[in-house]
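Each chain, letter by letter, is given below.
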Amino acid sequence: MAQGEHKYHVNVEWTGNRGTGTSGYRAYDRDHTIRAGGKPDIAGSSDPAFLGDAARWNPEDLLVASASACHKLWYLHLCSDAGIAVVAYVDEAEGTMRDGPQGGQFTEIVLRPRVTIRAGDDAERAAHLHHVAHEKCYIARSVNFPIRCEPVIESASA
């Protein structure tokens, strides 16, 4: 492996064979299990719009979650370096996918992090660090659609 190169290995096992495999479009479940290195399994399926199980994670959910988590991790790192103490962070992220002639494609993800910082910390700087986090987020830099961030910064009670 090249210096600075990171590899990620996952195992995705289809568990939706009802006995006849993919003998027909409605003859199988979309269920699968995602595994990686001793971590808890993730129960996966497709979106219910594509005959999936709504109780399981689908690839679209996971993509939006990946973008949100990557941004959050960079943001917390940058705030820590800047001496800004984040005491709470919740993101209500939303992805939009449109159907097209070649199948679905994401057109955007909007991150809506609500961040609470320590009383007296620089809220303007905290807001600016979202732009820096976006520039550093490898998920945002890897996709071919925009990821927007609409942060709200609040100060904790003194």
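The following refers to the structure shown. (Residues numbered from 1 in each chain as written. Predicted model: local features only at pLDDT ≥ 70, side-chain atom pairs only at ≥ 80, totals over all residues. Heavy atoms only, no water.)

Turning our eyes to something else, we now look at the pattern of salt bridges. Counted under the stated rule, the structure contains 12 salt bridges. In this structure, the salt-bridge partner of Glu13 is Arg35, at a minimum N-O distance of 2.9 Å. Placement of the pair is Glu13 in strand E1 (residues 11-14) and Arg35 in strand E2 (residues 32-35), with a sequence separation of 22 residues. The partly exposed category is assigned to Arg35, whose relative accessible area is 30%. (Salt bridge = Lys/Arg side-chain N within 4 Å of Asp/Glu carboxyl O. Helix = DSSP H or I, 4+ residues; strand = E, 2+ residues; numbered from the N terminus. Buried < 20%, exposed > 50% of the residue type's maximum accessible area, 1.4 Å probe, protein only.)

A word on the sheet that holds strand E7 (residues 113-117). One open sheet holds the three strands; their spatial order is E4-E7-E9, and the pairing between them is mixed. Each of the sheet's edge strands pairs with one partner strand only, and the pair in question is strand E4 (86-91) and strand E9 (152-155). Between one strand and the next, the sheet's axes are offset by a mean angle of 15 degrees, whatever the strand orientation. Here four bridges tie E7 to E9, and the two strands are oriented parallel to one another. Among the inter-strand pairings, Arg114 is bridged to a residue of E9, identified as Val152. (Pairing = 2+ DSSP bridges. Axes fitted to C-alpha atoms, helices over the stretch in contact; angles between N-to-C directions.)

Our focus in this paragraph is the side chain of Thr116. Relative to the helices and strands, Thr116 is located in strand E7. Thr116 sits in the buried class, given a relative accessible area of 16%. Sequence-distant contacts of Thr116, defined by excluding residues within four places in its chain, comprise Ala85, Val86, Val87, Ala88, Glu154, Ser155 and Ala156. (Contact = heavy atoms within 4.5 Å.)

The subject of this paragraph is the nonpolar core. Judged by nonpolar contacts, Tyr75, Leu78, Cys79, Ile84, Tyr89, Val115, Ile117, Ala126, Leu129, Val132 and Ala133 together constitute the single largest core of 11 residues. Mapped by element, the contributors of at least two residues to this core are helix H1 (59-81), E7 and helix H2 (123-136). Excluding residues within four positions of it along the chain, Leu78 makes contact with Leu129, Val132, Ala133 and Lys136. (Core = buried A, V, L, I, M, F, W, Y, C linked by side-chain atoms within 4.5 Å.)

A cluster of nonpolar side chains, Tyr25, Phe50 and Leu51, forms an exposed patch at the surface whose accessible area comes to about 270 Å². Here Tyr25 is to be found in the loop between E1 and E2. (Patch = residues over 30% accessible without salt bridge, like charges linked within 9 Å, V, L, I, M, F, W, Y side chains within 5 Å. Areas by Shrake-Rupley, 256 points an atom, 1.4 Å probe, with all protein chains shown as cover.)

Trans is the common state for peptide bonds, and a negative phi is the common state for residues other than glycine. At Leu51, a residue that is not glycine, the phi angle is positive and equals roughly 70 degrees. Checked against the element boundaries, Leu51 lands in the loop between strand E3 (42-44) and H1. Take Leu51: its relative accessible area is 32%, and that puts it in the partly exposed class.

With that settled, the discussion passes to H2. The end-to-end C-alpha separation of H2 is 20 Å, in line with the 20 Å expected for 14 residues at 1.5 Å each. For H2, the set of buried residues is Ala126, Leu129, His130, Val132 and Ala133. (Expected span 1.5 Å × (residues − 1).)

Let us look at the packing of aromatic side chains. Applying the stated criterion across every chain yields a total of four aromatic pairs. With centroids separated by 6.5 Å and ring planes inclined at 90 degrees, the aromatic side chains of Tyr25 and Tyr28 adopt a geometry described as edge-to-face. Residue class for Tyr25 comes out exposed when judged on its relative accessible area of 51%. Residue Tyr28 is classed as buried on the basis of its relative accessible area, which comes to 18%. When the centroid spacing of 5.6 Å and the interplanar angle of 25 degrees are considered together, the rings of Phe106 and Phe145 count as stacked. (Phe/Tyr/Trp six-rings, centres within 6.5 Å; stacked < 30°, edge-to-face > 60°.)

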